[in-house]
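Analysis of the macromolecular model
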Amino acid sequence: MLSISDQVPGANVFRYITFRTGGATVTALLFSFLFGPAIIRLLKSRQRRGQPIREDGPQTHIIQKQGTPTMGGFLILVGLVPAVLLWADLRNQYVWIVLLVTLGFGAVGFADDYLKVSKISPDGVPGRVKLFFEFIIALGAMWWLVRLGDPAMSTAIAIPFFKSVLVQVGAFFFLFGCLVIVGSSNAVNLTDGLDGLAIVPVMIAAASLGLIVYLVGNAVFADYLQIHFVQGTGELAIFCGALIGAGLGFLWYNAPPAMVFMGDTGSLALGAALGAISIAAKHELVLAIIGGLFVLEAISVIVQVASFKLTGKRVFRMAPLHHHFEQKGWAESTVVIRFWIISVVLAMAGLATLKLR
């Protein structure tokens, strides 16, 4: 398969990653706008009552969000996938790894969403079954990434702030990478509980990772910043650009009051994509800073469940964390915007690790 730069003779501008990243962003946005209304109408016609609302969740959600269709992740993928295929160099294996991970996790999320709307129940695919398939997909991606990478660091973990440090972990890296991909996927899924809450932090993380892969994939910039050079990863900036464009298109319809929810189809796919990109760029631990909001949301659930099982008491009024603040009386828009601000601050903190010497 040939990229645009190969198909158009003399079109040297298409060889620049920055130009193609911009093209992918605009293309994904246009595809989302073009097909978004039709996708939403289709989802509404096929879902009798929209996304089932948890009875143990905030009571306002039962009134305000009942009947809103889910599986809006389709809208994101319809913008993302064509933009990547049109603008990325399809000879680059990193592009295919991340794209297939995204689609694989999206398929798992679709199965979960389908069962929820067909049974009119918030219970979809059993958790253990979902995790099994997620780990299978992640393990396949890890095998491919390790095989593709530089043998000197393909099974090593880079430590933020210590630029020359690589911790060799051998076969454990496969488990570590799977946990990054699956953990990132499910953390985004837990964050997706309010209109616009998850998609903006995902776009912020994608923009940050887009800059990171661009720098990591450029030998000159990597040497100047004293970060590990990973040849070929710069092409993932196009994927990140497409994700931002598709995310902006989705946000147009997901802004409160939402016309469509992301669903597991979108949240699992996007979170897995972020995890896979961070592993390809050897910035797995930096993702925990950039995507710190997702980490906080996941930790709040873990702490809540552990506390209730061990002591019978709850640490938070409700988990995930955004529901806790809703229960404290914060308006939904207040929670969403303040969490966006936190995401920006954490992304800046993550990017600061690139220049610290």
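Below you will find a few notes about this structure. (Residues numbered from 1 in each chain as written. Predicted model: local features only at pLDDT ≥ 70, side-chain atom pairs only at ≥ 80, totals over all residues. Heavy atoms only, no water.)

Counting residues in each nonpolar core, the largest one holds 88 residues, and the members touching the most others are Ile-181, Ile-199 and Phe-239. A total of 12 residues in this core trace back to one element, the largest contributor, which is helix α8 (residues 199–216). Aside from chain neighbours lying at most four places away, what touches Ile-181 is Val-101, Phe-105, Ala-138, Ala-141, Met-142, Gly-271, Ala-272, Gly-275, Ala-276 and Ile-279. (Core = buried A, V, L, I, M, F, W, Y, C linked by side-chain atoms within 4.5 Å. Buried < 20%, exposed > 50% of the residue type's maximum accessible area, 1.4 Å probe, protein only. Helix = DSSP H or I, 4+ residues; strand = E, 2+ residues; numbered from the N terminus. Contact = heavy atoms within 4.5 Å.)

Now for the packing of α8 against helix α11 (residues 263–280). Across the interface, α8 lies against α11 with an axial gap of 10 Å and an inter-helix angle of 20°. In terms of orientation, α8 lies roughly parallel with respect to α11. At the point where α8 passes α11, the crossing takes the left-handed sense. Listed contacts from α11 to Ile-199, Val-202, Ala-205, Ala-206, Leu-209 and Val-213 of α8 are Leu-270, Leu-274, Ile-277 and Ser-278. Tallied by class, the residues present in the contact of α8 with α11 amount to nine nonpolar, one polar and no charged. (Axes fitted to C-alpha atoms, helices over the stretch in contact; angles between N-to-C directions. Parallel < 35°, antiparallel > 145°, perpendicular 65-115°, else oblique. Left-handed = near helix turned anticlockwise from the far one by under 90°. Nonpolar A, V, L, I, M, F, W, Y, C, P; charged D, E, K, R; others polar.)

In this section: the packing of aromatic side chains. Overall, the coordinates contain 10 aromatic pairs when judged by the stated rule. Aromatic side chains Phe-33 and Trp-252 sit 5.5 Å apart centroid to centroid with 75° between the ring planes, which places their arrangement in the edge-to-face category. Of the two residues, Phe-33 sits in helix α2 (residues 17–46) while Trp-252 sits in helix α10 (residues 236–254), which places them 219 residues apart along the sequence. What makes Phe-33 partly exposed here is its relative accessible area of 34%. Look at Phe-325 and Phe-339: their rings are 6.0 Å apart centre to centre, the planes differ by 80°, and that puts the pair in the edge-to-face class. Linking Phe-325 in helix α14 (residues 321–327) with Phe-339 in helix α15 (residues 332–352), this pair joins segments that are 14 residues apart in sequence. Across this residue pair, the class does not change: Phe-325 and Phe-339 are buried. (Phe/Tyr/Trp six-rings, centres within 6.5 Å; stacked < 30°, edge-to-face > 60°.)

By the element assignment, Gln-304 lies in helix α13 (residues 292–311). Looking at Gln-304, the relative accessible area reads 8%, which means it is buried.

When the terminal C-alpha atoms of α10 are compared, their 26 Å separation across 19 residues agrees well with the 27 Å that a helix rising 1.5 Å per residue should span. In terms of burial, α10 is largely enclosed, as 16 of its 19 residues are buried. (Expected span 1.5 Å × (residues − 1).)

One pass over the full model with this rule turns up seven salt bridges. One salt bridge connects Arg-91 with Asp-89, and the closest N-O pair in it is separated by 3.0 Å. Classification of Asp-89 as buried rests on a relative accessible area of 18%. As a salt-bridge pair, Glu-284 and Lys-282 come within 3.6 Å of each other at their nearest N and O atoms. (Salt bridge = Lys/Arg side-chain N within 4 Å of Asp/Glu carboxyl O.)

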